[in-house]
Amino acid sequence: MPSVTALAADLRREQIKLADRLVLDLVEVFGALNFKGIDTSAPGWAAAVIAATTTHHRAAAELGATMYLDLRREVGVKGPVNIATPDLDRGALEAALALNGPYAAKHGMAIGRRISELAPAIFANTAGAATKLALAGSRDTIEITADTDPKALSYVRIASAKPCDFCALMTQKSYLSMQSAGTAAGTRNRALNPRARGASYHAHCRCTVVPYFSADSWPDGAHRQAETYADLWKRAASFGGTEQQITKRFFDLYSEIA
């Protein structure tokens, strides 16, 4: 059987592959957005993006479900579990595409920007929104399933070796929430983050989450990473101030070690 660390690494690797495949699909359909005929071409382009994102969201959800069950078996957890089957947030995707696609194109051209300048930014922003919502398939599957699994304590966020400051911030928030709720002592925590689901991930984010069943079910390095960022937050908070001020101080401290 693969280890918890190997399963977490596999999830990350497959999630990145999935995101990369989606981006390639989006490259293929981007030409459907005619900058000289935005109003007539945008609906067809958006429909193609939504179709591709829906397909990859479904694949991501299957990936998350497989990983959840494999890791559950690896740590010796028995008993039934209901695997979540979240739908793509189509409304959020439609809104993101409209804002970062047709609206951004019209606004950019209205202020005199050339299409050759606009197109790369519009592609990057719309692809970022699409990949974020597609990868929510795996993240939401794991998070929602862990929320309802009586054997799970929680779920943990796994960032890259050198994540952006926002992902470092979200990693430590989850870790401190788990500590404050007594998760390490074996109690359940179902309120890792009061933010709306998905709000702790950004466009093009590659972070993963894995279910957490015991102190032994952390992937190698993940616990140390979370502790490092939590210590930075404590240092930032030790000077007092508002949460916004502490967050800025955290980002400053993080930049020194990133």
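Residues numbered from 1 in each chain as written. Predicted model: local features only at pLDDT ≥ 70, side-chain atom pairs only at ≥ 80, totals over all residues. Heavy atoms only, no water.

1. Some remarks on the environment of I246
- Relative to the assigned elements, I246 resides in helix α7 (residues 243–257).
- For I246, a relative accessible area of 10% puts it in the buried group.
- In this structure the C-alpha to C-alpha distance between I246 and R235, which are eleven residues apart in sequence, comes to 9.1 Å. (Helix = DSSP H or I, 4+ residues; strand = E, 2+ residues; numbered from the N terminus. Buried < 20%, exposed > 50% of the residue type's maximum accessible area, 1.4 Å probe, protein only.)

2. Details of the packing of aromatic side chains
- Throughout the structure, instances matching the rule amount to eight aromatic pairs.
- When the ring of Y68 is compared with that of F213, the centres are 5.9 Å apart and the planes differ by 75 degrees; the resulting orientation is edge-to-face. Highlighted residues: Y68 in helix α2 (residues 38–74) and F213 in the loop between β2 (208–212) and α6 (222–237), separated in sequence by 145 residues. For the pair Y68 and F213, a shared accessibility class is recorded, and that class is buried.
- Between Y212 and W218, the ring centres sit 5.6 Å apart and the planes meet at 75 degrees, which makes this aromatic pair edge-to-face. Comparing Y212 with W218, the two get one shared label, buried.
- Counting every residue linked through ring pairs, the aromatic cluster contains Y229, W233, F250, F251 and Y254.
- Directly above the ring of Y201 sits R139, whose terminal nitrogen or CZ lies 4.3 Å from the centroid. (Phe/Tyr/Trp six-rings, centres within 6.5 Å; stacked < 30°, edge-to-face > 60°. Lys NZ or Arg CZ within 6 Å of the ring centre and 35° of its normal.)

3. Concerning the packing of α6 against α7
- Interhelical geometry of α6 versus α7 gives an angle of 130 degrees and a closest axis separation of 8 Å. Between α6 and α7, the interaxial angle falls into the category oblique. Handedness of the α6/α7 crossing: right-handed. Across the interface between the two elements, T228, Y229, L232, W233, R235, A236 and A237 of α6 pack against E243, I246, T247, R249, F250, L253, Y254 and I257 of α7.
- Each residue belonging to the contact of α6 with α7 can be placed in one class, and the counts come to ten nonpolar, two polar and three charged. (Axes fitted to C-alpha atoms, helices over the stretch in contact; angles between N-to-C directions. Parallel < 35°, antiparallel > 145°, perpendicular 65-115°, else oblique. Left-handed = near helix turned anticlockwise from the far one by under 90°. Contact = heavy atoms within 4.5 Å. Nonpolar A, V, L, I, M, F, W, Y, C, P; charged D, E, K, R; others polar.)

Note that all results are geometric; they support no functional claim without further evidence.
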